[in-house]
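Observations on chain architecture
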Amino acid sequence: MNSGRMFVVDVDIKSYFDEIDHDILINLVKTKISDNRILNLIEMFLKQGVIEEIDPDRGSPQRGVISPFLAKIYLDPLDKLLDSQNLHLISYADDFPIMCESQEEAEKALT
């Protein structure tokens, strides 16, 4: 607000934690982590099946201890895309407000 960004687009990605593709996520994690022991732990975390009838290749436990970390890695390409368009955001997992200086800028960000 102190920088003049008084218009906010509040984004919450619907069903985000239910729809994370494990193969895409693991490939993105591998660009950040090379230790196979850690990678195996992350894969076990993803496949733990907290909810019955969960797709074993999709989703991430929403309240898991490393879920925000994995969400940040998974959404990093989106963060970079929005940043390249000079959109100012504060991201946390599947929620991120985009801070704008005008209603016009907010409407463009929403689009």
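An account of the accompanying structure is given in this report. The structure presented is a predicted model; accordingly, all values stated were derived computationally and were not measured.

Here we take up the nonpolar core. Within the largest apolar cluster, 17 residues are counted, with the highest numbers of intra-cluster contacts made by Tyr 16, Leu 25, Val 29, Ile 42, Leu 46 and Leu 70. Of all the secondary structure elements, the ones that give two or more residues to this core are α1 (16-19), α2 (22-30), α3 (36-46) and α4 (67-84). Among the elements that take part in this core, α4 stands out by supplying five residues, more than any other. Leaving out residues up to four positions away in the same chain, Tyr 16 has contacts with Ala 71, Tyr 74, Leu 75 and Asp 94. Formed by eight residues, the second largest nonpolar core is a distinct cluster that contains Leu 87, Phe 96, Ile 98 and Cys 100.

Take the pattern of salt bridges next. What the rule picks out here adds up to five salt bridges. Residue Asp 76 pairs with Lys 32 through a salt bridge whose shortest N-O separation is 4.0 Å. Taken together, the positions of Asp 76 in helix α4 and Lys 32 in the loop between α2 and α3 put the pair 44 residues apart, joining distant regions of the chain. Between Lys 72 and Asp 79 there is a salt bridge, with its nearest N and O atoms 2.6 Å apart. Overall, the relative accessible area of 38% leaves Lys 72 in the partly exposed class. Judged by relative accessible area, Asp 79 falls into the buried class, the value being 11%.

At a closest axis distance of 11 Å, the pairing of α2 and α3 adopts a crossing angle of 155 degrees. As judged from the angle between their axes, α2 and α3 are roughly antiparallel. At the point where α2 passes α3, the crossing takes the right-handed sense. Facing His 22, Leu 25, Ile 26, Val 29 and Lys 30 of α2, the residues of α3 in contact are Leu 39, Ile 42, Glu 43 and Leu 46. Residues of the contact of α2 with α3, tallied by class, amount to six nonpolar, one polar and two charged.

Right, let's get into the sheet that holds strand β2 (residues 88-89). Each strand in a sheet pairs with another by means of backbone hydrogen bonds, the pair being arranged parallel or else antiparallel. Strand order in this open sheet of three strands is β1-β3-β2, and the pairing throughout is antiparallel. A single partner strand is all that each edge strand has here, and the edge strands are β1 (7-12) and β2. In the sheet, β2 pairs with strand β3 (residues 95-100) via two bridges, with the strands oriented antiparallel. By the bridge assignment, His 88 is partnered in β3 with Met 99.

The rules we used
- Residues numbered from 1 in each chain as written.
- Predicted model: local features only at pLDDT ≥ 70, side-chain atom pairs only at ≥ 80, totals over all residues.
- Heavy atoms only, no water.
- Core = buried A, V, L, I, M, F, W, Y, C linked by side-chain atoms within 4.5 Å.
- Buried < 20%, exposed > 50% of the residue type's maximum accessible area, 1.4 Å probe, protein only.
- Helix = DSSP H or I, 4+ residues; strand = E, 2+ residues; numbered from the N terminus.
- Contact = heavy atoms within 4.5 Å.
- Salt bridge = Lys/Arg side-chain N within 4 Å of Asp/Glu carboxyl O.
- Axes fitted to C-alpha atoms, helices over the stretch in contact; angles between N-to-C directions.
- Parallel < 35°, antiparallel > 145°, perpendicular 65-115°, else oblique.
- Left-handed = near helix turned anticlockwise from the far one by under 90°.
- Nonpolar A, V, L, I, M, F, W, Y, C, P; charged D, E, K, R; others polar.
- Pairing = 2+ DSSP bridges.

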